[in-house]
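Understanding the architecture of this molecule
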Amino acid sequence: MGSISPDPNPNPACRPLHDSIPPLILGTATFNTQYVPNPFDLPAISIVSRALDLGVRAFDTSPYYGPSELILGDALAHPSITQKHPRPSYFLVTKAGRIAGDVFDYSPTWVRYSVLRSLERLHTSYLDLVYMHDVEFVSPSEVLTAVRELRRLRSEGIIRYVGISGYPVDKLCALAELVLRETGEPLDAVLSYGHYTIQNTTLGADAMSRLKSAGVDVVLNASMLGMGLLTTRGADAGPMATWHPSPEGLRKACQDLVPIAVDAGEKLEVVAIRWALDNWSRVGASKGGRTPKLSAGDRVGVSVMGISSVAELEETYRVFNSVIEGLEPETSDPEQTRRRQWSLDRRQKIQEVVEKMWDVLGQWKNYSWSSPDPGFVNARKPAEVGVTPDDGILTKHAAKTRVSVKVDELPVLAV
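Overview of the structure.

What counts, and where the lines are drawn
Residues numbered from 1 in each chain as written. Predicted model: local features only at pLDDT ≥ 70, side-chain atom pairs only at ≥ 80, totals over all residues. Heavy atoms only, no water. Helix = DSSP H or I, 4+ residues; strand = E, 2+ residues; numbered from the N terminus. Buried < 20%, exposed > 50% of the residue type's maximum accessible area, 1.4 Å probe, protein only. Contact = heavy atoms within 4.5 Å. Pairing = 2+ DSSP bridges. Axes fitted to C-alpha atoms, helices over the stretch in contact; angles between N-to-C directions. Polar contact = N/O pair within 3.5 Å; in protein donor to acceptor, adjacent residues only side chain to side chain.

Points about the environment of Gly301
Tracing the chain through its elements places Gly301 in the loop between α10 (268-283) and β10 (302-306). By relative accessible area, which is 0% here, Gly301 ends up buried. Along the backbone, Gly301 and Ala214 are 87 residues apart, and their C-alpha atoms lie at a distance of 18 Å. Sequence-distant contacts of Gly301, defined by excluding residues within four places in its chain, comprise Pro23, Trp280, Ser281, Gly284, Ala285 and Gly288.

Brief notes about the sheet that holds strand β7 (residues 159-166)
Strand order in the closed barrel made by the 8 strands is β1-β2-β3-β6-β7-β8-β9-β10, with parallel pairing throughout. Shown here is a sheet whose adjacent strand axes are inclined to one another by a mean of 30°, direction ignored. In the sheet, strand β8 (residues 189-193) pairs with strand β9 (residues 218-222) via 5 bridges, with the strands oriented parallel. Its bridge partner being in β9, Ser192 is matched across the sheet by Asn221. Running over the sheet, helix α5 (residues 140-155) touches β6 (127-132) and β7 and is turned about 160° from β7.

Focus: the side chain of Glu266
In this structure, Glu266 sits in the loop between α9 (258-263) and α10. A relative accessible area of 10% means that Glu266 is categorised as buried. There is a polar contact of 2.9 Å between the side chain of Glu266 and the side chain of Lys349. If we ignore the near neighbours within four places in the chain, the residues touching Glu266 are Ala261, Val271, Arg346, Lys349 and Ile350.

This is the structure we're talking about:
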């Protein structure tokens, strides 16, 4: 694509992303009809309030996730939350570019519109991190164009960090390398989903080495349950059955893991979450975030966990805390020593169960489905690219003065 064309506005954020992003992020793709019959029935205010009270201070959403941005934004704007948790106390992540299942628009105008609309929906004047969503569905040149627009928005103080997200790990690595080569500046973040689970560990050493060489600061692991594959009910039950991209053979193989978990006195989803959180905290550490619970300088792999109830949140938080206890150095404190040893013993038991599951998975271990499907065509017609709704959002924000976010005054977030 030619010689390096440096972006005119280098990142104004003084603090690197890994010093700002918490290692556990509450994912709200579950605030969507793809996962629940009526997302407006979810106790979103209770979930968000409890998360913040626990110290889970990061939220991931997307305009593609149906009403997710609206539900999350209304919860964050509720007086019971704003009185206790001001905007700088939490980390807010969204995406741009994917409009519908087969509709993508990575043009600068649409990217800008999407980000500004997200500000409105999330009731905020700035976003901490924005990804271009599911980058494998468009051309590399479109990704470059969109990343440059995100960086323009960054220079205007509207967003702080820029990343990409998607499914195929090799494509994510190649695009991260391309962005560095063509712009002279690396991506702040790359989010991969479904590729560091008990079924698929493609986001491992080789991928991490490539992303490190591409200068990516933080690599995030999402969909530890394979979007419902690695659960007792499986992907064939509930709303997921109509859209889950996995082939029938993989779905059956994952359901064959259920009795192995039961024989060990466990549930499949419990094993899957514990294994992924525990192992990614180590494998992803070199490109992870920080937690005040570990020594200064130590990093922990960043995980995004979808939540649809307070009980799920509290259980995930408990497991993550236990994982962190296993990472703590040895100490003379008896209680801390006991918790640390329990975590390490738990890690060993889960590993033994997962190794039995790997034998059962056989050919389906590390299987990744095609994304996009062969023959995919973007349903966004050329005449529609860059066309935005006449809802006044672009006009409204064009009249505003530049937002000034004093990065050094933002707190180092907990978890």
